[in-house]
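# Residue-level structural notes
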Amino acid sequence: FLAAQDMARDTVRILMIPRDTMTEITLFDLMGNELGKDTQHLTLAFAYGDGKEKSCELLQEAVSNLLFDLKIDGYLAANISSIALLNDEVGGVTVTVRLNGKQAEIFVRYRDITKAQTAIGRMDRQKQYMEAYLKQVKEEARTDKTLITRLVKDIEEHMVTNMAKDQYMDMGLAVLNSQQQIGQGDFLTVPGEAVETERFDEYHPDKEALKRMVVELFYKEVK
């Protein structure tokens, strides 16, 4: 996911990027020697790193390239265990039913790997959960001014980021204090086509449509 935060308008929109998006990434051999670039699944960019900073840097580079060399201000990756921590800190999150921590992890993570394109279908659940979670956080924050501090403290040991603490704290507070009610229209997916090959699922981005989306999200007209 890539967050497009407009500080001037006090809004945020989320660009969802399918893990199977076919795009140019940097390849390495088993010894860590760079082999050049090739079109591969986007998710492999992270896998070629160390699972921490190097993985994040490689993925940030790949996403930037996918989005026509868009400058990305920072990255934050969190261990899967952080889902339960963040979920339970706000008292659970209601989708169809109220989810506790373990249920929330299963809801956003599970996919049937015996069927095609379930990673795409899973993104619909993730969108549903994030919308409900942000609504719950806003409600809790009205009476609990220390909530954002506790949420950050909960996952600090479970995350990797190149942003300073005050930077991601300010981003979180801006979302909490915004008048915006983040809904389905604020979640966008990279336009493209899901394709099944003999071995793998692939997602082929529509570059022209994606370019228009990037311009809309991250640029403004200068008159």
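Since the model is a prediction, treat every value here as computed from it, not as a measurement.

### What about the nonpolar core?
A general feature of soluble globular proteins is that nonpolar side chains tend to end up buried together. The biggest cluster of nonpolar side chains holds 23 residues, and the ones touching the most others in it are Val90, Tyr129, Tyr133 and Val137. Of all the secondary structure elements, the ones that give two or more residues to this core are helix 4 (101-109), helix 5 (118-141), helix 6 (147-155) and helix 7 (165-177). Excluding anything up to four places from it in sequence, Tyr133 contacts Leu86, Asn87, Val90, Val93 and Leu151. In terms of nonpolar packing, the next biggest core, distinct from the first, is built from 21 residues, Leu2, Leu15, Leu66 and Leu70 among them.

### Regarding the sheet that holds strand 2 (residues 11-16)
Within a sheet, adjacent strands bond to each other through the backbone by hydrogen bonds, running parallel or antiparallel. Read across the sheet, three strands follow the order 1-2-9 without closing on themselves; strand pairing throughout is mixed. Unpaired on one side and paired on the other, strand 1 (2-6) and strand 9 (187-189) mark the two borders of the sheet. Each adjacent strand pair in this sheet contributes to an overall mean axis angle of 25°, direction not counted. Of the strand pairs in this sheet, strand 1 and strand 2 are connected by five bridges, and their pairing is antiparallel. When the bridges of strand 2 are listed, Ala3 appears paired with Ile14. Running at roughly 160° to strand 9, helix 5 makes contact with strand 2 and strand 9 of the sheet.

### Comments concerning the pairing of strand 2
Connecting the antiparallel pair strand 1 and strand 2 is a turn made up of four residues, with Asp10 showing a positive phi of about 60°. Alignment of strand 2 against strand 9, held across three bridges, turns out to be parallel. Looking at the pairing, Leu15 lines up with Leu188 of strand 9.

### With respect to the side chain of Thr23
Its place among the elements puts Thr23 in strand 3 (residues 22-28). We classify Thr23 as buried; its relative accessible area is 9%. Among residues more than four places away in sequence, those in contact with Thr23 are Asp38, Thr39, Gln40, Leu42 and Leu66.

### Thoughts on the environment of Leu134
Position of Leu134 among the secondary structure elements: in helix 5. With near-sequence residues (within four places) excluded, Leu134 lies in contact with Val175 and Ile182.

### Looking at the packing of aromatic side chains
Inspection of every chain in the model, using the stated rule, returns two aromatic pairs. Seen in terms of ring centroids, Phe28 and Tyr48 are 6.2 Å apart; in terms of plane orientation they differ by 50°. Their pairing is tilted. With Phe28 in strand 3 and Tyr48 in the loop between helix 1 (43-47) and helix 2 (53-66), this pair connects stretches of sequence that are 20 residues apart. Taking relative accessible area as the criterion, Phe28 reaches 14% and is therefore assigned buried. For Tyr48, a relative accessible area of 32% puts it in the partly exposed group. Seen from their ring centres, Tyr129 and Tyr133 are 6.0 Å apart, and the 25° between their planes marks the pair as stacked. Placement of the pair is Tyr129 and Tyr133 together in helix 5, with a separation of four residues, close to one helical turn. Above the face of the Phe107 ring, Arg125 is positioned so that its terminal group lies 5.9 Å from the ring centre.

### Observations concerning the pattern of salt bridges
This structure, assessed with the given rule, holds ten salt bridges. One salt bridge connects Asp6 with Arg9, and the closest N-O pair in it is separated by 2.6 Å. Judged by relative accessible area, which is 60%, Arg9 ranks as exposed. One salt-bridge network, held together by shared partners, links Glu89, Asp144 and Arg150.

### Quick notes on unusual backbone geometry
A positive phi angle, close to 60°, is found at Asp10, a residue other than glycine. Of note, Asp10 is situated in the loop between strand 1 and strand 2. Of the residues examined, Asp10 reaches a relative accessible area of 34% and is grouped as partly exposed. Unlike most non-glycine residues, Asp69 shows phi in positive territory, near 65°. As for its position among the elements, Asp69 is in the loop between helix 2 and strand 5 (76-78).

Cut-offs and rules
- Residues numbered from 1 in each chain as written.
- Predicted model: local features only at pLDDT ≥ 70, side-chain atom pairs only at ≥ 80, totals over all residues.
- Heavy atoms only, no water.
- Core = buried A, V, L, I, M, F, W, Y, C linked by side-chain atoms within 4.5 Å.
- Buried < 20%, exposed > 50% of the residue type's maximum accessible area, 1.4 Å probe, protein only.
- Helix = DSSP H or I, 4+ residues; strand = E, 2+ residues; numbered from the N terminus.
- Contact = heavy atoms within 4.5 Å.
- Pairing = 2+ DSSP bridges.
- Axes fitted to C-alpha atoms, helices over the stretch in contact; angles between N-to-C directions.
- Phe/Tyr/Trp six-rings, centres within 6.5 Å; stacked < 30°, edge-to-face > 60°.
- Lys NZ or Arg CZ within 6 Å of the ring centre and 35° of its normal.
- Salt bridge = Lys/Arg side-chain N within 4 Å of Asp/Glu carboxyl O.

Everything listed is a geometric property; what it means functionally is a separate question.
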